[in-house]
Number of protein chains: 2
Amino acid sequence: MTSLAMIEAAAARLAGQARRTPLLSSPFLDEIAGRRLLVKAECLQHTGSFKFRGGWAAVSALDPVLRARGVVAYSSGNHAQGVAAAARAHRAPAVIVMPADAPRLKIDNTRALGAEVVLYDRAAGESREAAAAPLVAERGLTLIKPYDEPEVIAGQGTTGLEIAEQTAALGITQAEVLVCCGGGGLTSGVALALEDRAPQMRVRPVEPEGFDDVTRSLISGQIETNPAPTGSLCDAILTPSPGEITWPILTRLCGSGIVITDAEAQHAMALAFQRLKIVIEPGGAAALAAALFHPDRIEGDTVIAIATGGNVDAAVFAESLTRFA
Amino acid sequence: MTSLAMIEAAAARLAGQARRTPLLSSPFLDEIAGRRLLVKAECLQHTGSFKFRGGWAAVSALDPVLRARGVVAYSSGNHAQGVAAAARAHRAPAVIVMPADAPRLKIDNTRALGAEVVLYDRAAGESREAAAAPLVAERGLTLIKPYDEPEVIAGQGTTGLEIAEQTAALGITQAEVLVCCGGGGLTSGVALALEDRAPQMRVRPVEPEGFDDVTRSLISGQIETNPAPTGSLCDAILTPSPGEITWPILTRLCGSGIVITDAEAQHAMALAFQRLKIVIEPGGAAALAAALFHPDRIEGDTVIAIATGGNVDAAVFAESLTRFA
């Protein structure tokens, strides 16, 4: 189980490796949100998403003998790039299992980062776990799960340590912290960090319509599952259900979930382009969309939205601008 | 004349007001550039460009009685927003003289920041100086020039102090520093700061084709003028000639200029979107374009490009992605 001490240890290993991403703001966005809005720009992280933190934390925590054999990860893309970049920096081989329908840019980037890519067909019902299993059994690779892995959660939790430090410097101690939520690795890591460092802040998971497994789980009190594996633009956060390790943390620490539409995510992408000058992918814009378009679901004078990633195909981004900018 | 002491004083007044913008990088861009490439992301500055620094430095340096009467500035947009935001924070009225053909976003933003906007027609030969003069004479406003103003140069120079500190933290002391150059306010301010703080770095002005007045002036040894006032996508840096105050600094401290095309600027915008997840406007992409597409004009293992601003209309940005991403 991930502890604050593990998050602090991950932060020490990440020092000088991960970027300390800025908290951005704009008076124009404050006006739309109806309160002070701060955006933690993890799209500016190495490999274009917060996943670099978890990848580095997990790879750097491995026994050197195991690490030299290599690692395997499955991912729609951002975890893949994070693990690939961390493995390359540690001179460890990396194999990444990716859905064949992941954005082209994510597949290309993963290969360019030196990883071997194995594709599987999620629309045909193939599972990523089944694709990864023989790689572990036959090649002795260590599996680094995208969220249900204590060291990965610890790495993502370093985002929460930074939020606590950066807001304290601004004199802010109370806020709701909106997190784009797939399996809950970032959400649970940030919640653990803030529990200790900013106990008056509350984490709120944000999910796209039709993929609101965490929101429904928090209501029912047990793990709920999404009906379909695909069907939202927010590809980075389309996981079937909260994780076995992340769920107990989510249910203990998080406020209720917020659900946004794909159109709201695209509108948030356009506003982030216009007002913050950052590039966010649809799944990375979910929290910002909640802050901007669901203000009635949020309490208090200050809201913090984590912009989790920016790995979006140019055509999708251009279309969001055409529709909403 | 701007001195290092003035830049340091401006930095003290800007502390907690301007953002300390990150130095970004990507292995993909290093490969294109053929060397280590660091991008100082001033597009993430308040109001979307470095101009906030100069605006704040100048407004905060004014005598309070003069400041209360108000300020006037002429600008294609970024200086306008910088001065407007700084004036509003100081509760001073601001009037901004803008060309009628400036990007819509810049005009709208300037008004939304509380400034009164006066438009003039640069294609018809009207001059911004002529438009601003009666505002100074009749309303007692203080003119804040966009670059030929010692306190503005000092404010822009704080970018150079940050570059020196951020590169020193990375163990870098030698580099060429590429600056998108209009009238030379940022270029001269950064050169002054680096002369003292990183004397082994050399500033190189970068300009668009047809607007290479500084490049030609550095060759001829005297102030040269551009033949036309408009005609490049890089609207932010289309000034007729180096300034009277900036020119002596530029000729004393800068290496030779580099000239880029509009297409190269757009290609750099697309690569910054893809690899750095930042939004840059055409004029703000000139230095990055030089680093990526004119590597033979650059010396050494490390190049730093200042991405000066991100205030670009959505249609222009989307077109750059369609052509080059």
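The present account deals with the structure reproduced in this document. (Residues numbered from 1 in each chain as written. Chains lettered and ligands numbered in written order. Predicted model: local features only at pLDDT ≥ 70, side-chain atom pairs only at ≥ 80, totals over all residues. Heavy atoms only, no water.)

### Considering the overall build of chain A
Secondary structure assignment for chain A yields 14 helices and 10 strands. Over its C-alpha atoms, taken along the principal directions, chain A stretches across nearly 55 × 40 × 40 Å. Residue pairs at least 24 apart in sequence account for 74% of intrachain contacts in chain A once pairs closer than 6 positions are excluded. When the accessible surface of chain A is summed, it comes to about 11100 Å², and 51% of that surface belongs to carbon and sulfur atoms. Positive and negative side-chain charges of chain A, numbering 28 and 35 respectively, have mean locations separated by a distance of 6 Å. (Helix = DSSP H or I, 4+ residues; strand = E, 2+ residues; numbered from the N terminus. Contact = heavy atoms within 4.5 Å. Areas by Shrake-Rupley, 256 points an atom, 1.4 Å probe, with all protein chains shown as cover. Lys, Arg positive; Asp, Glu negative; His and termini not counted. Charge placed at Lys NZ, Arg CZ, Asp CG, Glu CD.)

### Examining the interface of chain A and chain B
Taken together, the contacts link 31 residues of chain A with 31 residues of chain B. Of the roughly 2300 Å² buried between chain A and chain B, counting both surfaces, carbon and sulfur atoms make up 69%. Among the residues of chain A in contact with chain B, R19, F273 and K277 of chain A are the three that bury the most area, contributing 27% of the side total. In this structure, the connection of chain A to chain B is made through zero salt bridges. The tally of links between chain A and chain B comes to 10 residue pairs in polar contact (both at pLDDT 80 or more). Going through the elements one at a time, β1 (23-24), α2 (27-33), α6 (104-112), α12 (262-275) and α14 (314-324) of chain A are the ones with two or more residues in the side of chain A that touches chain B. With four residues, α14 of chain A is the largest single contributor of residues to the side of chain A that touches chain B. (Buried area = accessible area lost by both parts, 1.4 Å probe. Salt bridge = Lys/Arg side-chain N within 4 Å of Asp/Glu carboxyl O. Polar contact = N/O pair within 3.5 Å; in protein donor to acceptor, adjacent residues only side chain to side chain.)

### Let's talk about the relation of the copies chain A and chain B
Superposition of chain A onto chain B requires a rotation of 180 degrees combined with a translation of 0.0 Å along the rotation axis, giving an RMSD of 0.0 Å. Given the turn and translation reported, the copies of this chain are related as if by a two-fold rotation axis. Mapped onto chain B, 100% of the interface residues of chain A are again interface residues, and the two copies thus contact each other with one and the same surface. (Least-squares fit on C-alpha atoms with pLDDT ≥ 70 in both.)

### Brief notes about the pattern of salt bridges
Should the charged atoms of two oppositely charged side chains come close, the side chains can pair. All names here are of chain A. One pass over the full model with this rule turns up 30 salt bridges over all chains. R13 is the partner of E151 in a salt bridge, and the nearest nitrogen-oxygen pair spans 3.1 Å. Taken together, the positions of E151 in helix α8 (residues 150-169) and R13 in helix α1 (residues 4-14) put the pair 138 residues apart, joining distant regions of the chain. Residue R13 is classed as partly exposed on the basis of its relative accessible area of 26%. Measuring nitrogen to oxygen at the nearest pair gives 3.4 Å for the salt bridge that ties D196 to R197. Among the residues examined, D196 registers a relative accessible area of 46% and is labelled partly exposed. Classification of R197 as partly exposed rests on a relative accessible area of 34%. Among the ionic contacts, a cluster of salt bridges with common partners joins K40, E42, R53 and E162. (Buried < 20%, exposed > 50% of the residue type's maximum accessible area, 1.4 Å probe, protein only.)

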